[in-house]
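In case you want the letters, here they are:
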Amino acid sequence: VRCQAAPLRRACHGWQASMKSGSLFCILPCNRLPVQLMSQVRVYTSNGQKKDLGSEDKSVSAPEETVRKVGTGRRDTGNADQKQTFLKEPIQVKVKAVLKKREYGPKYTQNNFITGVRAINEFCLKSSDLDQLRKIKRRSPHDDTETFTVYLRSDVEAKSLEVWGSPEALARERKRRKEAEIKYRENLFRNQRLLKEYREFFGNTKPRSSAAAMFFKGPGKVVMVAICINGLNFFFKLLAWVYTGSASMFSEAIHSLADTCNQALLALGISQSARTPDPSHPYGFTNMRYIASLISGVGIFMMGAGLSWYHGIMGLLHPHPIESLLWAYCILAGSLVSEGATLLVAINEIRRSARAKGLSFYQYVVQSRDPSTNVVLLEDAAAVLSVAVAATCMGLTSLTGNPYYDSVGSLGVGTLLGTVSAFLIYSNTEALLGRSIQPEQLQRLTELLESDPVVRAIHDVKATDMGMSKVRFKAEVDFDGRVVTRSYLEKQDIEQLLQEIQQVKTLEELEAFMLKHGENIIDTLGAEVDRLEKDLKQRNPDVRHVDLEIL
């Protein structure tokens, strides 16, 4: 018995083998050592083959043979204690089945989709070449269309090789087109001039641009009225200065000239802001109004305030007698009426726009919602005050005969213009830097997203005022996958889906089932993102661009 028990102890010492029993693994414990469990992992590939990690077939068969030998020895010895040990109930260990990680090579990207425009530009094809390719309808990223047509990249690449014969020929054609594009850009101004001559000769068949109509209403109308009135004021003030030699009248003439030039610049900014977006400027040209207003503020400071200060200082250093101021008073009175009329037009326009936005008059001006109208308002307000200052100082000079009052009036007008220009420079710079919208408006947008069932939480919310009542909204959204999946299931035939699940028997069928419905669920998630963006734009018309990132 002792001789037969020695091999038994050697076989049991450190023994960790397992015995296959269907899909379960049985481990027989040893009466000498504690039981050690070893889980086994089966790795499945996409073709259904499997590998056993943790034990090989040889390591399994050897312990089985040992168990059989040991069991025979136990029956021969008739040892009751050892026999009871082998009759213990076996321990079951679960099997973990995982898919083998697939290595995606460059060929897998050939299943990507490509639009017709990119196919024509990148692969040097014609639109007729795409007619023979497979067309796939996909969800459109644009608001004006629901679906659009795309092509498989592999089909496009094969068609390009069929057209051009070889990759080398395709590369040569791409290089040639790139050189032609560079040459075209170099001759851009020349081409624009030729196009203008062509339109003048044959006539422009396109409808008239809406840019001209912008000057008959709203800010454009205010700017055009200001240009006409300030131009006339400059002419008459200049005549009065030549006749009287008054420093205050010279400051007023310079002030009217600066206003006329600046408002002409505003008109240019309004016309440029109406341009449609292009690939170089995908968000449009609305900031041109702020740029024009900023340059206008700088012009007021340098041309208006600077010359007024210079003339006032020179008047203090070198005073000279002033001629009769009768004509100057008449011109100042006419300027007061005309500038006041323009100021009323600007005030009425700002009130109307502020009421439409639900803002007060002060908030609308301080936030620089309409930079063009703001410039006209502040310039005309400064013009009315400067006329009053100039008239007062000229009156004191007439009463006392002291020309210093007139020079002091010029310095006062320059200081007033400097204050206006500083405010314009500050407000327009803030707008161009991309400031955030008001906290109340941002809170409304946040609450709208968080109240949707598909959204669990939102993070890193940013809402930038792009100018002219255009807001760009960005947020990282944590979507509820259960709601998205339920939204997908609501559009499916549940009975048919259940039958598909019941028919899944092999690993290949399971993988095909999951890939099919997984892609559809991703499309459903994209549709939910589009719905949220559309809701944000509909309930908040100021929001023009929405970027929702999936967290």
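Reading guide: rules and limits
All residue numbers refer to positions counted from 1 along the written sequence of the respective chain. Only residues with pLDDT of at least 70 are given local features in this predicted model, and only at 80 or more are side-chain atom pairs given and counted; all residues enter the totals for whole chains, interfaces and linings. Side-chain descriptors were evaluated using all non-hydrogen atoms of the structure, hydrogens and water having been removed beforehand. Numbered from the N terminus, helices here are DSSP runs of H or I no shorter than four residues, and strands are runs of E no shorter than two. Only protein chains enter the accessibility calculation, which uses a 1.4 Å probe; a residue is then buried when its area is under 20% of its type maximum, exposed when over 50%, and partly exposed in between. Using a 1.4 Å probe, the Shrake-Rupley method yields the accessible areas, and only the shown protein chains count as cover for residues. Helix axes are fitted to C-alpha atoms over the stretch in contact, other axes to C-alpha atoms as well, and angles between N-to-C directions run from 0 to 180 degrees. Here the angle decides the label: under 35 degrees means roughly parallel, over 145 means roughly antiparallel, 65 to 115 means roughly perpendicular, and every other value means oblique. Handedness of a crossing follows from how the near helix is turned relative to the far one, being left-handed for an anticlockwise turn of less than a right angle and right-handed for a clockwise one. Polarity classes work like this: nonpolar for Ala, Val, Leu, Ile, Met, Phe, Trp, Tyr, Cys and Pro, charged for Asp, Glu, Lys and Arg, and polar for all others, with Gly in that last group. Paired strands, as defined in this entry, are two strands with at least two bridges between them according to DSSP. Any two rings among Phe, Tyr and Trp, with Trp reduced to its six-membered ring, count as a pair given centres within 6.5 Å; such a pair is stacked if its planes are under 30 degrees apart, edge-to-face if over 60, and tilted if neither. Lysine NZ or arginine CZ positioned within 6 Å of the ring centre and within 35 degrees of the ring normal marks a charge as sitting over the ring. Residues belong to a common nonpolar core when they are buried Ala, Val, Leu, Ile, Met, Phe, Trp, Tyr or Cys residues joined through side-chain atoms within 4.5 Å. Working rule for contacts: check all heavy atoms of both residues, and any pair within 4.5 Å makes them a contact. UniProt positions are given in the numbering used here, feature names are shortened, and annotations may be inferred rather than shown by experiment. You can read pLDDT as the predictor saying how much it trusts each residue, on a scale of 0 to 100. Take the number of residues in a helix, subtract one, and multiply by 1.5 Å to get its expected span. Every case where a carboxyl oxygen of Asp or Glu lies within 4 Å of a side-chain nitrogen of Lys or Arg is listed as a salt bridge. Surface patches are drawn from residues lacking salt bridges whose relative accessible area is over 30%; two like charges belong together within 9 Å, two nonpolar side chains (Val, Leu, Ile, Met, Phe, Trp, Tyr) within 5 Å.

Undergrad: Explain the overall build of the protein to me, using residue names and the numbers behind them.
TA: A tally of regular secondary structure across the protein gives 18 helices and twelve strands. Buried positions account for 36% of the 551 residues belonging to the protein. When the accessible area of the protein is evaluated, it comes to approximately 33,600 Å², of which 59% is carbon and sulfur surface.

Undergrad: How would you summarise the packing of helix H8 (residues 218–244) against helix H9 (residues 247–273) if you had to cite specific residues and measurements?
TA: It is the contact of H8 with H9, at a shortest axis distance of 7 Å, that shows an interaxial angle of 155°. One finds that H8 runs roughly antiparallel with respect to H9. Once H8 is placed against H9, the crossing between them reads as left-handed. Looking at the contact of H8 with H9 residue by residue, the classes come out as 16 nonpolar, eight polar and three charged.

Undergrad: A description of the sheet that holds strand S11 (residues 471–479) should follow, citing residues and the corresponding values.
TA: Reading across the sheet, the three strands line up as S10-S11-S12 and stay open at both edges, with mixed pairing between neighbours. At either margin of the open sheet sits one strand with a lone partner, and together these are strand S10 (455–465) and strand S12 (543–550). Averaged over all adjacent pairs, the angle separating strand axes in this sheet is 20°, with direction ignored. Relative to S11, S10 runs antiparallel, the two being bridged by eight bridges.

Undergrad: Please give an account of the packing of aromatic side chains that cites residues and values.
TA: The geometry of an aromatic ring pair is captured by the separation of the ring centres together with the interplanar angle, meaning the angle of the planes. For the coordinates displayed, the defined rule picks out three aromatic pairs. A centroid spacing of 4.9 Å and a plane angle of 50° characterise the contact between Trp241 and Phe250, whose relative ring orientation is tilted. Since its relative accessible area comes to 14%, Phe250 is described here as buried. Its end group placed over the ring of Phe123, Arg174 keeps NZ or CZ at 5.2 Å from the ring centre. The ring of Phe285 has Arg275 lying over it, and the distance from NZ or CZ to the ring centre is 4.0 Å.

Undergrad: Summarise the pairing of S11; cite the residues concerned and give the values.
TA: Hairpin connection from S10 to S11: five residues lie between these consecutive antiparallel strands, with Gly467 at a positive phi of about 100°. Pairing analysis gives seven bridges linking S11 to S12, with the strands arranged parallel. When the sheet's bridge partners are listed, Val471 is paired in S12 with Val543.

Undergrad: Help me get a handle on the nonpolar core, residues and values and all.
TA: Judged by nonpolar contacts, the single largest core of 27 residues is most densely connected at Val223, Leu266, Val376, Leu377, Leu417 and Leu424. For this core, the secondary-structure elements that each account for two or more residues are H8, H9, helix H10 (288–317), helix H11 (326–357), helix H12 (361–366), helix H13 (371–400) and helix H14 (404–432). Those residues within four positions of Leu424 in sequence are excluded, and the remaining contacts are Gly297, Ile300, Val375 and Leu378. Among the nonpolar cores identified, the runner-up in size contains 21 residues, and Leu448, Ala463, Leu532 and Val543 belong to it.

Undergrad: Before we move on, can you summarise the side chain of Ser427 with the specific residues and values?
TA: Tracing the sequence through the fold places Ser427 in helix H14. Contact partners of Ser427, with chain neighbours within four places excluded, come to Ser368 and Arg435.

Undergrad: With reference to specific residues and values, describe the UniProt feature "transmembrane region" (unreviewed entry) in the protein.
TA: In the UniProt entry, the feature "transmembrane region" (unreviewed entry) is given for residues 222–243, 290–313, 325–347, 381–401 and 407–426. Secondary structure across residues 290–313 comprises 100% helix and 0% strand; the distance between its end C-alpha atoms is 33 Å. The distance separating the terminal C-alpha atoms of residues 381–401 is 29 Å; by composition the span is 95% helix and 0% strand.

Undergrad: Before we move on, can you summarise the confidence of the model for the protein with the specific residues and values?
TA: In the predicted model, the protein carries a mean pLDDT of 76, and 74% of its residues have values of at least 70. Across residues 1–44, where pLDDT falls below 50, the model places 97 contacts with residues more than four positions away in sequence or in other chains.

Undergrad: Let's hear about H9: which residues, and what values?
TA: If you check H9, its first and last C-alpha atoms are 39 Å apart, about what 27 residues at 1.5 Å a residue would give, namely 39 Å. For H9, a buried count of 20 out of 27 residues is recorded, marking the element as mostly surrounded by other parts of the structure.

Undergrad: Outline the pattern of salt bridges, supporting the account with residue identities and numerical values.
TA: Scanning the entire structure with this criterion turns up 18 salt bridges. Between Arg134 and Asp155 there is a salt bridge; the shortest N-O distance is 2.8 Å. Taken together, the residues Arg134 in the loop between helix H4 (116–122) and strand S8 (136–139) and Asp155 in helix H5 (residues 153–164) connect sequence positions 21 residues apart. Among the charged side chains, a network of salt bridges with common partners joins Asp452, Glu528, Arg531 and Asp535.

Undergrad: If you had to explain a nonpolar patch on the surface to someone new, which residues and values would you point to?
TA: Residues Leu232, Phe235, Phe236 and Leu239 make up a contiguous nonpolar surface patch of roughly 420 Å² in combined accessible area. By the secondary structure assignment, Phe235 is in helix H8.

Undergrad: Talk me through the sheet that holds strand S7 (residues 113–115); I want residue IDs and the actual numbers.
TA: The strand order across the open sheet built from three strands is S7-S9-S8, with neighbouring strands paired in antiparallel fashion. The sheet is open, and its two edges are formed by S7 and S8, each paired on a single side. Put simply, the sheet's adjacent strands are angled 55° from each other on average, direction ignored. As judged from the four bridges shared by S8 and strand S9 (residues 147–152), these two strands associate in the antiparallel manner. In the sheet register, Ile136 faces S9, and the bridge partner there is Val150. In the packing of H5 onto the sheet, the strands contacted are S7 and S9, and the crossing angle to S9 comes to about 55°.

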